[in-house]
Amino acid sequence: MSLYPRRYRPPAAADAPVPPVPPSGREERGSVVEAVLYRDGLRVSAPDSLAETYRRLHEYPDGMAWIGLHRPTEAELLSLAAEFDLHELAVEDALEAHQRPKLERYGDTLFVVLRAARYLDAQEEVDFGELHVFVGKDFLITVRHGAAPDLSAVRHRMEGTPELLALGPEAVLYAILDTVVDGYAPVVAGVQIDIDEIETEVFGNDPAVSRRIYELAREMVEFQRATRPLVGMLHGLMAGFAKYGTHEELQRYLRDVADHVTHISERVDGFRQALADILTVNATLVTQQQNAEMRALAEAGFEQNEEIKKISSWAAILFAPTLVGTVYGMNFDHMPELHWVGGYPFAVALMAVVCVSLYVVFKRRDWL
């Protein structure tokens, strides 16, 4: 049983106005990745253009169109909006991108914004993509901005289970949600490895670890913004099970996705807390290392000062006899005590007294 009651659309008359589309469907392939019509879970047509997709969908009132786009043009989104009565605010969001994950209802159309993520091993960083999904009574439109997620795998998976695809657009929405959430698991594993490596680097005194901690913490903020809103979004979908008559099988699948999202969100919260703790520990270790270096410099300076004191003291002691000897070594004929018999012993004694006096003074001051 479908989440939305299906509407009957009669075949288009020959003179009926056709929504504006680019003149050539082949030219659209730059942004229209694939447009396929399904009936009872089976592929019945793969039109080459949006205009052809509209015409074929009119021919199958009980069919479903699944249109995938990658960075579409404004003309393409306006064409889809005119055909499927998409709300202008949702179309504006899909065109501009850079939206936070959300779920909104515009009449019979459900608009979902998802943030997919993938872990790049070579760069050891997380790459985020953005996906906008329009879910209507007989259509599902995906607008992808970025490399993730791989919706071709979702399409192959759904086409391989026609009994699930036959449940309608909401089944495809479940598959997309499941793929996006499953894509978080490798990211979580990669981030866990990064955190383990960072802990080793922190205690190994790696000078570049602070920058790595900051960059990973910033990615975790982005990851948290991608995962946390999904918990509320899925609970909102589950709250509408009875109102919209969601198939029991889809209810079980969506509950499973909700459980996975909750687990991922808790892991991401734990990563943020762990990185905050590691950053604090790293700052403490850096401070301790700086204090140790400053203490070592201070001790070295103190030892250097002690050596300078000793050198200066001995220089002063040696300077005293040099001064006396210099005075008495002057070659003047008229000089006091020049021909004094006791002059030499007096000079030597004076040198000794001065040297001993300086030695005693410096020793008392611990300079020697």
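Presented here is an overview of the structure given in this document. Small disclaimer: the values here were computed from a predicted structure and weren't measured. What you see as residue numbers is a count from 1 along each chain, following the sequence as written. Selection of residues for local features in this predicted model requires a pLDDT of at least 70, selection of side-chain atom pairs for listing and counting requires 80 or more, and totals for whole chains, interfaces and linings are taken over all residues. Values reported for side chains reflect all heavy atoms of the structure, with hydrogen atoms and water molecules removed beforehand.

**Things to note about the packing of helix 5 (residues 151–159) against helix 7 (residues 169–203)**
Two elements in contact, helix 5 and helix 7, have axes whose closest approach is 10 Å; the angle formed by their N-to-C orientations is 130°. Considered as vectors, helix 5 and helix 7 are oriented oblique to each other. In the packing of helix 5 onto helix 7, the handedness of the crossing is right-handed. Across from Leu-151, Val-154, Arg-157 and Met-158 in helix 5, the residues of helix 7 making contact are Ala-171, Val-172, Tyr-174, Ala-175, Ile-176, Asp-178 and Thr-179. Residues are grouped as follows: Ala, Val, Leu, Ile, Met, Phe, Trp, Tyr, Cys and Pro are nonpolar; Asp, Glu, Lys and Arg are charged; all remaining types, including Gly, are polar. Grouping the amino acids of the contact of helix 5 with helix 7 by side-chain chemistry returns eight nonpolar, one polar and two charged. Only the stretch in contact is used when fitting a helix axis, every axis being a line fitted to C-alpha atoms; angles between N-to-C directions are given from 0 to 180 degrees. To qualify as a helix, a DSSP run of H or I must reach at least 4 residues; to qualify as a strand, a run of E must reach at least 2; elements of each kind are numbered from the N terminus. Relative orientations are named as follows: roughly parallel for angles under 35 degrees, roughly antiparallel for angles over 145 degrees, roughly perpendicular for angles from 65 to 115 degrees, and oblique for any other angle. By definition, turning the near helix anticlockwise from the far helix through less than a right angle yields a left-handed crossing, and turning it clockwise yields a right-handed one. In this description, contact between two residues means that some pair of their heavy atoms is separated by no more than 4.5 Å.

**What about the packing of aromatic side chains?**
When the centres of two rings from Phe, Tyr and Trp lie within 6.5 Å, Trp using its six-membered ring, the rings pair. Their planes under 30 degrees apart give stacked, over 60 give edge-to-face, and anything left gives tilted. For the structure on display, the rule yields eight aromatic pairs. Plain terms: the ring middles of Tyr-174 and Tyr-253 are 4.8 Å apart, the flat faces sit at 15° to each other, and that makes the pair stacked. Pair noted here: Tyr-174 is in helix 7 and Tyr-253 is in helix 10 (residues 248–328), with a separation of 79 residues, a long-range link. Per-residue accessibility, obtained with a 1.4 Å probe over protein chains only, is compared with the maximum for each type, and a residue is labelled buried under 20%, exposed over 50%, and partly exposed between these values. Among the residues examined, Tyr-174 registers a relative accessible area of 5% and is labelled buried. Accessibility expressed as a relative area gives 27% for Tyr-253, which makes it partly exposed. Among the aromatic residues, those joined into a cluster by ring pairs are Tyr-54, Phe-84 and Phe-139. Directly above the ring of Trp-66 sits Arg-155, whose terminal nitrogen or CZ lies 4.2 Å from the centroid. We call a charge positioned above a ring when the Lys NZ or Arg CZ atom is no farther than 6 Å from the ring centre and deviates by at most 35 degrees from the ring normal.

**Describing the pairing of strand 3 (residues 64–70)**
Here strand 3 lies mainly inside the structure; six of its seven residues are buried. If DSSP finds at least two bridges between two strands, the strands pair. Judged from the six bridges that link them, strand 1 (residues 32–39) and strand 3 form a sheet pairing that is antiparallel. Paired with Val-36 across the bridge in strand 3 is Trp-66.

**A short note on the pattern of salt bridges**
The salt bridge criterion pairs a side-chain nitrogen of Lys or Arg with a carboxyl oxygen of Asp or Glu, the two atoms within 4 Å. According to the stated counting rule, one finds 19 salt bridges in the structure shown. A salt bridge links Glu-222 to Arg-115, with the shortest nitrogen-to-oxygen separation between them at 3.2 Å. Placement of the pair is Glu-222 in helix 8 (residues 209–239) and Arg-115 in strand 5 (residues 109–120), with a sequence separation of 107 residues. Overall, the relative accessible area of 24% leaves Glu-222 in the partly exposed class. Residue Arg-115 is classed as buried on the basis of its relative accessible area, which comes to 14%. Arg-228 is paired through a salt bridge with Asp-269; the nearest N and O atoms lie 3.0 Å apart. On the criterion of sequence distance, the pair formed by Arg-228 in helix 8 and Asp-269 in helix 10 is long-range, its members being 41 residues apart. When salt bridges with common partners are traced through the structure, they connect Glu-124, Asp-194, Glu-197, Glu-201 and Arg-212 into a single cluster.

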